[in-house]
Amino acid sequence: MNPKYNSLFEAFTLPSGVTLKNRITMAPMTNFASHENGEVSDEELAYYRERSGGVGAVITACVYVTPDGKGFVNEFGADKDEMIPSLRRLADTIHQEGAKAILQIYHGGRLCPPDQIPDGQPISASAVAEEKEGAPVPREMTSDDIHRAIRAYGEATRRAIEAGYDGVELHGANGYLVQQFFSPHSNIRTDEWGGSLEKRLAFPLAIVHEVKKVIAEHAKRPFIFGYRLSPEEGHTPGITLDDTMVLVDRLADQGLDYLHISVNHFFGGSFRDRSDERSRTVLIHEKVGNRVPIMGVGSLNTPDEALAALETGVPLVSLGRPLLMEPQWVQKVQNGTEDTIRTTLSKQAQQELVIPDYLWNVLTTLPGWMPVTD
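Within each chain, residue numbers correspond to sequence positions counted from 1 in written order. Local features in a predicted model are, by the rule used here, given only for residues with pLDDT of at least 70; side-chain atom pairs are given and counted only at 80 or more, and totals for whole chains, interfaces and linings are based on all residues. Only hydrogens and water are set aside; all other atoms, that is, all heavy atoms of the structure, feed into the side-chain values.

## Concerning helix H9 (residues 303–310)
The cut-offs for exposure are 20% and 50% of the maximum accessible area for each residue type, with area from a 1.4 Å probe on protein chains only; residues under the lower value are buried, those over the upper are exposed, and the others partly exposed. Helix and strand labels come from DSSP, where a helix needs a run of H or I of at least four residues and a strand needs a run of E of at least two; each type is numbered from the N terminus. Within the span of H9, buried status applies to Pro 303, Ala 306, Leu 307, Ala 309 and Leu 310. For H9, the buried positions fall inside an angular range of 155° around the axis, keeping them on one side. We call two residues in contact when some of their heavy atoms are within 4.5 Å. Buried positions along H9 lie against strand E12 (316–319) and helix H11 (329–334). Summarising the geometry, the arc corresponds to the directions from the helix axis toward the C-beta atoms.

Written as structure tokens, this is what we have:
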């Protein structure tokens, strides 16, 4: 291995006491490969097996915590105890390749397609539709709905513990339910769950407290708890970086293992204010990185780009698209053959890359998302 990459392979011990063998994780990416009943498929297990051998941890695709939280076709579930054997199959597959397994827990809220949820009616913090043509107007959640959802995140965490996972990541990013409660665009409530910034924090923090309680009650060994967030929204009104700095300040007091900052480009600036070119991830690290580890992601395609991210002081990086194009990314850096890392997706390479059919169709037809070659 080129010695300049040594820092990518230094072990890192999280606040919970869990040690990752290196600084590289697999980012959570929906793969559309589970069975219709929410159980993982053999095709899905093969996809993860191919990508779990080098990284320190695999953060899985999101799992819905309630049936009305399912946001994708063929998404896998953690909404009932009958799913524990399915969840265990995936955790075991990841562990067999040497990585820690982190289950991302999720509710899609107003972004749930009506045809994927039991009664066809999405729910959210308020009855405000996504800014997208044809988007359904969600039903505003009642107090009972909110408490039921909070408990569901805790129950999904218990199932993750019983299935043998090393941790969970709360999906509070990308416009889904947790973010919908934090956003002034989607949360216009006037009760204790919305209105002021402080009240918009109530739902995310209530879930954090519930998950922590479940971990304390059920985990027999150190258990990872991470939180993924998006630092800004393009809506007006929408989440601003100032809002997010309040959120991360509160989260930094919760004893979390990491904050995972969801952006398209680690080094990219604001998309609300094009004149502000400072990295959102680095700014958050400067704010709270001495209290909670930060995980960076976004367009870190090459080893040099991943190294540059670590050199900002951010201790962990997450790879998504690079591991789709090159499942052996980490191993190739380790054995000194990083010059052979694939940087495009060949339309002839599906079987070699072990990518499920539905995901393959998305990757090769979605304009501009992935560099595809014939």
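From this point on, the discussion continues.
## Some details on the packing of helix H3 (residues 143–162) against helix H6 (residues 202–218)
Each axis is a line fitted through C-alpha atoms, taken for helices only over the stretch in contact, and angles between the N-to-C directions span 0 to 180 degrees. Where H3 contacts H6, the two axes come as close as 9 Å, and the packing angle between them is 35°. The way H3 lies across H6 gives a crossing that is right-handed. Note on element contacts: H6 touches H3 through Phe 203, Ala 206, Ile 207, Glu 210, Val 211, Val 214, Ile 215 and His 218, opposite Ile 146, Ala 149, Ile 150, Arg 151, Tyr 153, Gly 154, Thr 157, Arg 158 and Ile 161. Classes in brief: Ala, Val, Leu, Ile, Met, Phe, Trp, Tyr, Cys and Pro nonpolar; Asp, Glu, Lys and Arg charged; the others, Gly included, polar. Looking at the contact of H3 with H6 residue by residue, the class counts come to 11 nonpolar, 3 polar and 3 charged. Helix crossings are classified by the rotation of the near helix relative to the far one: an anticlockwise turn of less than a right angle makes the crossing left-handed, while a clockwise turn makes it right-handed.

## Topic: the packing of aromatic side chains
Aromatic contacts are taken between Phe, Tyr and Trp rings whose centres are within 6.5 Å, Trp giving its six-membered ring; a plane angle under 30 degrees counts as stacked, one over 60 as edge-to-face, and the others as tilted. Overall, the coordinates contain 9 aromatic pairs when judged by the stated rule. With a centroid separation of 5.0 Å and 35° between ring planes, the pair formed by Phe 32 and Tyr 358 is classed as tilted. With a gap of 326 residues between them, Phe 32 in the loop between strand E3 (24–26) and helix H1 (42–51) and Tyr 358 in helix H13 (residues 357–365) connect regions that are remote in the sequence. An aromatic cluster of at least three residues, connected via ring pairs, comprises Phe 32, Phe 72, Tyr 106, Tyr 176 and Tyr 358. Over the face of the ring belonging to Phe 182 we find Arg 200, whose NZ or CZ atom lies 5.9 Å from the ring centre. In this scheme, the term charge over a ring applies when either NZ of a lysine or CZ of an arginine sits within 6 Å of the ring centre and within 35 degrees of the ring normal. Geometry around Trp 369 places Arg 321 over its ring, the cationic atom sitting 4.8 Å from the centre.

## Side note on the sheet that holds E12
Paired strands, in this sense, are two strands between which DSSP finds at least two bridges. Pairing is parallel in the closed barrel, where 8 strands are placed in the order E3-E4-E5-E8-E9-E10-E11-E12. Between one strand axis and the next, the sheet turns through 30° on average, direction left out of account. Relative to strand E10 (residues 258–261), strand E9 (residues 224–229) runs parallel, the two being bridged by 4 bridges. Paired with Arg 228 across the two strands is His 260, which belongs to E10. Across the face of the sheet, helix H2 (residues 84–96) comes into contact with strand E4 (57–64) and strand E5 (100–106) while running at roughly 145° to E5.

## Details of the pairing of strand E11 (residues 294–297)
The side-chain alternation of E11 yields two buried faces, one formed by Ile 294 and Gly 296 and the other by Met 295 and Val 297. Note: E10 against E11, 3 bridges, orientation parallel. What sits directly across from Leu 259, in E11, is Ile 294. By the criterion used throughout, a crossover qualifies as right-handed when its path from the first strand across the helix to the second strand runs clockwise, the strands pointing away from the viewer. Each parallel crossover has a hand, and for E10 linked through helix H8 (residues 280–288) to E11 it is right-handed. Here E11 runs beside E12; their pairing, made up of 3 bridges, is parallel. The residue of E12 that forms the bridge with Met 295 is Leu 316.

## Remarks on the layout of surface pockets
Both cavities and pockets are sets of points on a 1 Å grid over the protein atoms alone; in a cavity a 1.4 Å probe fits but cannot get out, in a pocket the set is open with protein on both sides within 12 Å along at least five of seven lines, and lining residues sit with an atom within 4 Å of a point. Grid points are joined across faces, edges and corners, and a volume is the space filled by probe spheres set on the points. Roughly 1300 Å³ of internal volume is contained in the largest pocket. Taken together, 48 residues make up the lining of the largest pocket; nearest its centre are Asn 174, Ser 262, Asn 264, Arg 321 and Trp 369. Only E4, H8, E12, helix H10 (321–325) and H13 provide two or more residues apiece to the lining of the largest pocket. A per-element tally of the lining of the largest pocket places H10 first, with 4 residues. The residue inventory of the lining of the largest pocket, partitioned by class, reads 24 nonpolar, 18 polar and 6 charged. The volume enclosed by the second largest pocket comes to roughly 520 Å³. Around the second largest pocket, the lining comprises 27 residues; the ones closest to its centre are Leu 111, Glu 130, Asn 174, Gly 175 and His 235.

## A look at the pattern of salt bridges
Definition used for salt bridges: Asp or Glu carboxyl oxygen within 4 Å of a side-chain nitrogen of Lys or Arg. Applying the stated criterion across every chain yields a total of 24 salt bridges. Here Asp 304 and Lys 4 are joined by a salt bridge, their closest N and O atoms 3.0 Å apart. With Asp 304 in helix H9 and Lys 4 in the segment before strand E1 (12–13), this pair connects stretches of sequence that are 300 residues apart. The exposure class of Asp 304 is partly exposed, given its relative accessible area of 39%. One salt bridge in this structure joins Lys 347 and Asp 374, with 3.7 Å as the shortest N-O distance. Note that Lys 347 is positioned in the loop between strand E13 (345–346) and helix H12 (350–353) and Asp 374 in the segment after strand E14 (372–373), a separation of 27 residues in sequence. Owing to a relative accessible area of 69%, Asp 374 belongs among the exposed residues under this scheme. Taken together, the shared-partner salt bridges connect Asp 81, Glu 155, Arg 158, Arg 159 and Glu 162 into one network.

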